[in-house]
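Understanding the architecture of this molecule
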Number of protein chains: 2
Amino acid sequence: MRRLMLFAGGLALTAALAMSAQASDELLKMEKNSADWVSPTGNYANWRYSELDQINKDNVGDLQVAWTFSTGVLRGHEGNPLKIGNMLYLHTPFPNKVIALDLDQDGKIVWQYEPKQDPDVIPVMCCDTVNRGVAYGDGKIFLHQADTTLVALDAKTGEVVWKAVNGEPKKGETGTSAPMVVKDKVFVGISGGEFGVQCHVTAYDINTGKRVWRGYSVGPDDQLLVDPEKTTSLGKPIGKDSSLKTWEGDQWKIGGGCTWGWLAYDPDLDLMYYGSGNPSTWNPKQRPGDNKWSMTIWARNPDTGVAKWVYQMTPHDEWDYDGINEMILADLKIDGKDVPTLVHFDRNGLGYTLNRDTGALLVANKYDPAVNWTTGVDMDPKSKTYGRPAVVTAKSTEAGGEDTNTTDICPAALGSKDQQPAAYSPKTGIFYVPTNHVCMDYEPFRVSYTAGQPYVGATLSMYPPKGEENMGNFIAWDATKGEIVWSKPEQFSVWSGALATAGDVVFYGTLEGYLKAVDPETGDELYKFKTPSGIIGNVMTYEHNGKQYVAVYSGIGGWAGIGLAAGLTDPQAGLGAVGGYAGLRQYTNLGGQLTVFALPSN
Amino acid sequence: MRRLMLFAGGLALTAALAMSAQASDELLKMEKNSADWVSPTGNYANWRYSELDQINKDNVGDLQVAWTFSTGVLRGHEGNPLKIGNMLYLHTPFPNKVIALDLDQDGKIVWQYEPKQDPDVIPVMCCDTVNRGVAYGDGKIFLHQADTTLVALDAKTGEVVWKAVNGEPKKGETGTSAPMVVKDKVFVGISGGEFGVQCHVTAYDINTGKRVWRGYSVGPDDQLLVDPEKTTSLGKPIGKDSSLKTWEGDQWKIGGGCTWGWLAYDPDLDLMYYGSGNPSTWNPKQRPGDNKWSMTIWARNPDTGVAKWVYQMTPHDEWDYDGINEMILADLKIDGKDVPTLVHFDRNGLGYTLNRDTGALLVANKYDPAVNWTTGVDMDPKSKTYGRPAVVTAKSTEAGGEDTNTTDICPAALGSKDQQPAAYSPKTGIFYVPTNHVCMDYEPFRVSYTAGQPYVGATLSMYPPKGEENMGNFIAWDATKGEIVWSKPEQFSVWSGALATAGDVVFYGTLEGYLKAVDPETGDELYKFKTPSGIIGNVMTYEHNGKQYVAVYSGIGGWAGIGLAAGLTDPQAGLGAVGGYAGLRQYTNLGGQLTVFALPSN
C-alpha cells in the first residue's frame, strides 16, 4: 500500500480504504451465509452456531458418514476446516499442512501447502504440536506455523503471497493459534507460557505482511498499548505502569501472559477480544504481585491496538489457570435489560459474563461444582477486593511454600475448560460447554530461566475428583444467571469444540473418538459415531449443493492426549496429564482424519 | 515336540499327533464359520469369499460406515484384520503393531503389541514398510515382523508365547508376509529379492517356535527340499541339481526367489502352495540360465517340506515378473471334467490354471490385453519348449544389452497384478482380479553385490499403456477358459484385495481411497465410498450379533504408492513407480485406518 501511495497519492489512499472496508465487509457478509464456515470460530462472535436445520433433532439419529479424508499427519488435530464456496480448507498439526479440497470434484486435492520447518520447534511446544486452524480474508488463507511464521496463501492456488515472522522458536515462542482477519489486518497471538515468553497479539497488514501493531500482555504501558487514563478495568482507569507495578524487578520480561486462544471481534463496537494466559513461572513464589495483565480479558481497538478495557480474572495465578479461553459475544437480556455481553468460561472454573462495551462484571460463577480453589468472586463494586476471586488457603499452592505438594485442587491446571471452544445458540440463548472435570496435586519448585528451555516450576499430577470416575462433562450454561442448565457426564475431558445449530442439535466429540449429537434442551444423546481417533477438533457444519454436512477432525492429542500423542508413559509426564488420561489407551490410537457426516440421500 | 519325545517316547508322540490334528482341524472348522474371518486369506484355498449374504446386490447401495479406527501408523496398510468370535485382530506396517479389539465392547482395545524394532530395517524394505497380516492358530496370533522376528502372541492377552528369528535384516532379509498355520506348524516366507537374498519358506513348531524345515527356492537339492526322482515339473521328474544347473557359478547364493506372497493349503491333498519370486539381480545378463526355481509355483508337503511338483512360469526373468502372487485352489469343471485346480494370476500378465495335484498346465492366457512381452505359453506337451512363454525379442531387456533402455514393455515390473489378492466365488465360478494396467521402460545395468545393499541392476519408469489413461482394471476371469468375462477400468492400479460374497456382491478398494461394490455378473458399480486414504488393504467381511459387516484398511503405500508413502518425488524413484503414480497426490494422503461398513439398522 505504502509504495502505491508514493506514486498515486490521495487516489491510492482512497482505494486502500475502500479495499480495507471491502475485506472486512466481505467476511461479515460471508459469515452470514450459513452454507459456508468462513471463520475458524464460525463467526466473529465465536458462536459456533449455524442456521442450517436440514439435520435436526428428529433426523440426526439417521446421520451417516458421507466421506472421510486422512490428513497424513498424526498427533493432536485441534481446530476445524473452513468451508468457502466449493472449497474446504484443512490444516494439520506440525508440519502444519494446509490442504484445499474441491467439493465439486468429490474432495479432490486442489493444492497442498507443506512448509519446511525446523523440527527443533517440536520440543518447544508445551502440549502437543497442535495448530488451531487457518483464517480467510481477501482471497487469502492465513496460517500461523509452529515456527511462528505467519503465511498468507492464495486461496485459489496455495501460492505464498507473503510471510512474516511473529516470534523466535529458539526462545520458546511458537505458533499454535488461529489468526483472525479484521478490515485490512490479520491478528495472531503467540504460545510459550512455559518458556518464559513475554507474549503479545500482533496485527499484520493483510496485503503486505507488514507489522502494524503489537500489544503485549505484560510490561510497560507503551508495550501494552494502553492509555493509563482511558483504558479501564472494572470501570476505572488503570493508571500509569499498571502492569510493571505488579511484578517484582524484571520478571515481567519473562512473564508469560500468552495469547494462543481464539480471537473475537465486535464490528459495531469495533473492538477485538481475547484472553491472556498464565504468568510464568508456574512457581508463584518467584513472581510476587498480581502479575498484570496476565490472566486477563482484553478489549482492544483493532486499528491501533489500544486497549479499551481489561479485566484480570486470576490475579497472581498459583495453578496455571491460563486465561486464554475464547470470548463469546452475545446480546443477552440480564435483569430485563438488553446487554452486549461477553461470555467466557475460564480455566479457573468460573463462567464470566461481562458487558463487552464497558468491561463491567455481571456474572462470575462456577461452571463445574468441583471447583474448590475459590469460594467465588467478590461482586460488590464497593469492596476493595471487587472482581477478585477469594482464594481457599488450603488450595493455595503458594501458601504451602516451594517443594510442598498441595493436593486435591480442582480444577487441575488444564482448567475446567481449556482451548476446546463452547458454542452459543441464539435460538435457545444457552451456551454449550465442553468441560474437564479434573483435579490435581501441584508442587511448585524454584526454576531458573534459560532462553528456549522449559521454565515451568511445578510438578503436577491429574485425576478425576475424589470419589468420581468421569473426567469430563458436556454442559449447558445460562450466562445470564451463571447456572448450569444440564450436565452430561463423559468418561474423559470433552476436549472438542461444540457446534449448535438451528436444527435443535448440539454436537461435540469425545477423547475416545465419538462424535455425539445431543438435545439442546435436555442434553439427551440423539446420535453417536466412533470416528477413527480421539476427537479434539471442533465440530463444524456447511451446506454443499443443497445438502447439509457436519464435519470434525479426529486425531488424539493436545494436552489431555499428550501421553498418546508423544508416546509418554510416566504418569507425571506431559505436565501431569499422562496419568489422568492413561485410560485413553484402551479406546483410541493416534490419527489425523476428517469425517464428514450427512443424512442419507433418499 | 522333539524334546518331549526324547523323554516320553510313544505316548508323547501320540499326544503330539493328537495336538497337531486339533490345531489343524480347529482352523478348518473355523474357516467354515462365515461369522469369522480366521485366515488372512479367508480360507486355506485363498478364496476371499464369504457365505454371508445379509449385504446383497439389492441393498449394498444402502451401505453405511458403522465405525472407524485409526491404527496410529502411517504408510501402506496391506492385508486385512482377522475376526474370531468377539475379537478383531488388526496389524500395521512397521512398527508392526498388533491391536486386539473387542466387538462386544464397541471396539475397545483389549491389548496392543508393539515390538521394538531397529528402524534400520526400513531402508532395507524395497517397496514400503508393509505387512500383510497375522495368522491365527491354536489360541495364538502369529506375526512376522519387518525384522524377520516371527512372534507367537497369546490371542487373549497379547503376551509373547515365543519368538523365532527367520532372517537377517543386515543382509536385506525382511518380513512382510502373512504366516499360515497348518497342523502343528506355522509357515512363513521372506522378502529381499532386491538385496540378493537366497529366499525360502520355513516351518516352525506352533508350540515352541522351533524350526522344523526350511525349503529354499534356489540352490542345491538338499536346500530346495526336493526329491530329484519324485518331485516333478510338468509331469516329469526334475532330476538332480535341477536348480544349480540353471545358474552360473555361485550366483544362486544371492539368487532371490523370494517368498513374500500369500500361502495356500489343500487339506485333502495335504499340499501347501506358494510362488517364488524374481531371480536377482534385475540385470538378466548377470545371471545366465533359467534361474530355477525362481518364478515358480511350488507344491510342498507341509510336514516335511518336500516338494511334490514345481512349475517355473518365467524362466530367466528379464522384467522382475516376481512370481509370488497367490495360488487360489478351486475345483473347476474343465472340458467336462472336475479338476482340482490351482489358479494363479502372475505378475507376468498370464493367468494360469493348473491341476494342483499333479502340476499339469491347463490354461495360460493373458489377463490384460496390454501384455506384450510374450506371444503366449507353448501348450504343446510334445514341444521342447512346452510350458515356456515365447519372449518377444523387442521386449527382451537382455536382447538390447546392458545400459540400453527397452521401452513400452507391458506389464511393468509390478506386473499385471502384484500382491493384491484376487477373490473366487464358488457361486459364480468366476475369479475377481484387481489388476495393474501399466507398462514400463527398463534399462539393466551391471551391479555388484554387497550384503545388505540394494542389488537391483535396472532403472525403470512406469506409465499407462500408450494412448490409454487408466492404470488399472478390476476384472472377472473365467479360469476354465482363460478369458476375461468383464473388465472395469480404474484410474490407478487396483492394489486392494477383492472380496466376493454369497450376497452377489464383489468388493475392492482403489488407490484414491474408494471402497467399491460391483455386480459379480456385470461389473456394474453398486456402491462406492471415499475412505480416509488410498486402499491397498484387502476387503473382508464378518458377522457380529447377527449383523454383517464389511471392513477394509485405508493407508496409501505399497509399491504403487511408495511415492506418497516415502515422500519421493523423482519420477524414477521407488523402482520406477513414483512417476506413474504421481497423480495420486491429487486424491489422497497417507493414512492408517480401518473402516467398517454395515447396513442401516431399521
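Residues numbered from 1 in each chain as written. Chains lettered and ligands numbered in written order. Predicted model: local features only at pLDDT ≥ 70, side-chain atom pairs only at ≥ 80, totals over all residues. Heavy atoms only, no water.

1. What about the overall build of chain A?
Check the secondary structure of chain A and you find five helices and 40 strands. The C-alpha radius of gyration computed for chain A amounts to 22 Å, which stays within 12% of the reference 25 Å derived for 602 residues, consistent with globular compactness. Viewed in the frame of its principal axes, chain A has a C-alpha envelope of about 65 × 65 × 55 Å. In chain A, which comprises 602 residues, the proportion classed as buried is 68%. Pairs at least 24 apart in sequence give 62% of the contacts found in chain A among residues at least 6 apart. (Helix = DSSP H or I, 4+ residues; strand = E, 2+ residues; numbered from the N terminus. Rg over C-alpha atoms; globule rule 2.2 N^0.38 Å. Buried < 20%, exposed > 50% of the residue type's maximum accessible area, 1.4 Å probe, protein only. Contact = heavy atoms within 4.5 Å.)

2. Some details on the interface of chain B and chain A
Contacts between chain B and chain A engage 33 residues on the former and 33 residues on the latter. Counting the surface lost from both chain B and chain A, the interface buries some 2500 Å², and carbon and sulfur atoms represent 45% of this. Counting across the interface, chain B meets chain A through zero salt bridges. Inspection of the region where chain B meets chain A yields 18 residue pairs in polar contact (both at pLDDT 80 or more). Mapped by element, the contributors of at least two residues to the side of chain B that touches chain A are strand 2 (64-70), strand 6 (108-113) and strand 37 (525-530) of chain B. Tallying contributions element by element places strand 2 of chain B first for the side of chain B that touches chain A, with seven residues. Looking at side-chain class alone, the side of chain B that touches chain A contains 13 nonpolar, 14 polar and six charged residues. (Buried area = accessible area lost by both parts, 1.4 Å probe. Salt bridge = Lys/Arg side-chain N within 4 Å of Asp/Glu carboxyl O. Polar contact = N/O pair within 3.5 Å; in protein donor to acceptor, adjacent residues only side chain to side chain. Nonpolar A, V, L, I, M, F, W, Y, C, P; charged D, E, K, R; others polar.)

3. What to know about the pairing of strand 24 (residues 361-366) of chain A
Side-chain positions along a regular strand alternate between the two faces of the sheet. All names here are of chain A. Bridge count between strand 23 (residues 350-355) and strand 24: five bridges; the pairing is antiparallel. Directly across from Thr353, in strand 24, lies its bridge partner Val363. In this antiparallel pair of consecutive strands, strand 23 and strand 24, the connection spans five residues, and Gly359 shows a positive phi of 80 degrees. (Pairing = 2+ DSSP bridges.)

4. Let's talk about the packing of aromatic side chains
On inspection of all chains with the given rule, the structure shows 51 aromatic pairs over all chains. Ring geometry for Tyr273(B) against Trp309(B): centres 6.1 Å apart, planes inclined by 50 degrees, an arrangement best described as tilted. A residue pair is termed long-range when its members are at least 10 positions apart, and Tyr273(B) in strand 18 (residues 271-275) and Trp309(B) in strand 20 (residues 307-312) qualify at 36 residues. As far as burial versus exposure is concerned, Tyr273(B) and Trp309(B) are alike and both buried. Aromatic rings pair up to connect Trp47(A), Phe345(A), Tyr367(A), Tyr424(A), Phe431(A) and Trp477(A) into one cluster. In this structure, Lys528(B) packs its charged tip against the face of Tyr514(B), placed 4.5 Å from the ring centre. (Phe/Tyr/Trp six-rings, centres within 6.5 Å; stacked < 30°, edge-to-face > 60°. Lys NZ or Arg CZ within 6 Å of the ring centre and 35° of its normal.)

5. Notes on the state of the cysteines
Residue and element names in this part refer to chain A. Tallied over the full model, the rule gives six disulfides over all chains. Here Cys199 connects covalently by a disulfide to Cys258, the sulfurs 1.9 Å from one another. Here Cys199, found in the loop between strand 12 (185-188) and strand 13 (200-205), pairs with Cys258, found in the loop between strand 16 (236-237) and strand 17 (264-266); they are 59 residues apart in sequence, far enough to count as distant. On the basis of relative accessible area, Cys199 is assigned to the buried category, the value being 0%. For Cys410, the disulfide goes to Cys439, at an S-S distance of 2.1 Å. Here the S-S torsion is close to 100 degrees, and the disulfide linking Cys410 with Cys439 is therefore right-handed. Highlighted residues: Cys410 in the loop between strand 27 (406-409) and strand 28 (423-425) and Cys439 in strand 30 (residues 439-444), separated in sequence by 29 residues. What connects to what in chain A, once the bonded cysteines are numbered by sequence position, is 1-2, 3-4, 5-6. (Disulfide = S-S within 2.5 Å.)

6. Section: the relation of the copies chain B and chain A
Superposing chain B onto chain A takes a rotation of 180 degrees combined with a translation of 0.0 Å along the rotation axis, leaving an RMSD of 0.0 Å. Here the two chains are linked by the operation of a two-fold rotation axis. A symmetric contact is evident, with 100% of the interface residues of chain B recurring at the interface of chain A. (Least-squares fit on C-alpha atoms with pLDDT ≥ 70 in both.)

7. Looking at the pattern of salt bridges
Taken as a whole and assessed by the stated rule, the structure comprises 58 salt bridges over all chains. In this structure, Asp478(A) and Lys481(A) form a salt bridge, with 4.0 Å as the shortest nitrogen-oxygen distance. Assessed through its relative accessible area of 52%, Lys481(A) is described here as exposed. When the shortest N-O distance is used, the salt bridge between Asp250(B) and Lys253(B) registers 3.6 Å. Because the salt bridges share partners, they merge into one network encompassing Lys183(A), Asp184(A), Lys185(A), Asp270(A) and Asp303(A).

8. A look at the sheet that holds strand 2 (residues 64-70) of chain A
All names here are of chain A. In space, the four strands of this open sheet follow the order 2-40-39-38, with antiparallel pairing throughout. Unpaired on one side and paired on the other, strand 2 and strand 38 (540-544) mark the two borders of the sheet. Direction aside, the axes of adjacent strands within the sheet are offset by 25 degrees on average. Here strand 39 (residues 547-554) pairs with strand 40 (residues 593-598) via five bridges, running antiparallel. (Axes fitted to C-alpha atoms, helices over the stretch in contact; angles between N-to-C directions.)

9. As for the nonpolar core
Nonpolar side chains in soluble globular proteins generally cluster together in the buried interior. Ranked by size, the top nonpolar core spans 68 residues in total, and within it Phe507(A) and Phe507(B) carry the most contacts. Sequence-distant contacts of Phe507(A), that is, excluding residues within four places in its chain, are made with Ile55(A), Val60(A), Leu63(A), Gly497(A), Ala498(A), Leu499(A), Thr501(A), Leu515(A), Lys516(A), Ala517(A), Val539(A) and Val550(A). Counting residues in each nonpolar core, the second largest holds 57 residues, with Leu361(B), Val377(B), Ala565(B) and Leu575(B) among its members. (Core = buried A, V, L, I, M, F, W, Y, C linked by side-chain atoms within 4.5 Å.)

10. Observations concerning the side chain of Thr588(A)
Within the fold, Thr588(A) resides in the loop between helix 5 (577-580) and strand 40. Taking relative accessible area as the criterion, Thr588(A) reaches 1% and is therefore assigned buried. At 2.9 Å, the side chain of Thr588(A) and the backbone nitrogen of Gly534(A) are in polar contact. Setting aside residues up to four positions removed in sequence, Thr588(A) forms contacts with Leu511(A), Glu512(A), Pro532(A), Ser533(A), Gly534(A), Ile556(A), Leu564(A) and Ile109(B).

11. Quick word on the sheet that holds strand 1 (residues 49-50) of chain A
Residues and elements named next belong to chain A. Across the sheet, five strands lie side by side as 1-34-35-36-37; this open sheet has mixed pairing. Whereas interior strands pair on both sides, the edge strands pair on one side only; in this sheet they are strand 1 and strand 37 (525-530). Bridge analysis of strand 34 (residues 499-501) against strand 35 (residues 505-509) gives three bridges, and the strand direction is antiparallel. Its bridge partner lying in strand 35, Ala500 is registered against Val506.

12. Details of the confidence of the model for chain A
Residue and element names in this part refer to chain A. Looking at chain A, pLDDT values average 95 and 96% of them are 70 or higher. Counting contacts from residues 1-19, a segment whose pLDDT is below 50, to residues more than four positions away or on other chains yields 10 contacts. Interface scoring of the predicted complex returns ipTM 0.94; its pTM is 0.95. (pLDDT = per-residue confidence, 0-100.)

13. Some points on the side chain of Asp147(A)
Residues and elements named next belong to chain A. If you trace the backbone, Asp147 turns up in the loop between strand 8 (140-144) and strand 9 (149-154). For the buried Asp147, which has no salt bridge, the nearest side chain bearing the opposite charge is Lys163, at an N-O separation of 7.4 Å. For Asp147, the side chain forms a polar contact with the side chain of Thr149, separated by 2.9 Å. Look past the residues within four positions of Asp147 in its chain and what remains in contact with it is Gln117, Val121, Gly167 and Pro169. (Lys, Arg positive; Asp, Glu negative; His and termini not counted.)

14. Observations concerning the pairing of strand 2 of chain A
Residues and elements named next belong to chain A. Buried residues dominate strand 2, accounting for six of its seven residues. Looking at chain direction, strand 2 and strand 40 are connected through six bridges and run antiparallel. For Phe69, the partnering residue across the bridge sits in strand 40 and is Leu594.

15. What about unusual backbone geometry?
Note: most residues except glycine have negative phi, and most peptide bonds are trans. All names here are of chain A. Of note, the bond from Ser280 into Thr281 is cis; its omega dihedral lies within 30 degrees of zero at 5 degrees. Its location among the elements puts Thr281 in the loop between strand 18 (271-275) and strand 19 (296-300). A cis geometry characterises the amide bond from Lys292 onward to Trp293, with omega recorded as -5 degrees. Structurally, Trp293 can be placed in the loop between strand 18 and strand 19. One non-glycine residue, Asp335, lies in positive phi territory at about 50 degrees. If you trace the backbone, Asp335 turns up in the loop between strand 21 (327-334) and strand 22 (337-345). Taking the relative accessible area as the measure of exposure, Asp335 reaches 75% and is therefore exposed.

16. Some remarks on the environment of Gly255(B)
Residues and elements named next belong to chain B. Position of Gly255 relative to the elements: it lies in the loop between strand 16 (236-237) and strand 17 (264-266). Its relative accessible area of 0% is what places Gly255 among the buried residues. Ignoring any residue separated from it by four or fewer positions in sequence, one finds Gly255 in contact with Gly196, Val197, Val218, Trp247, Asn278, Pro279 and Ser280.

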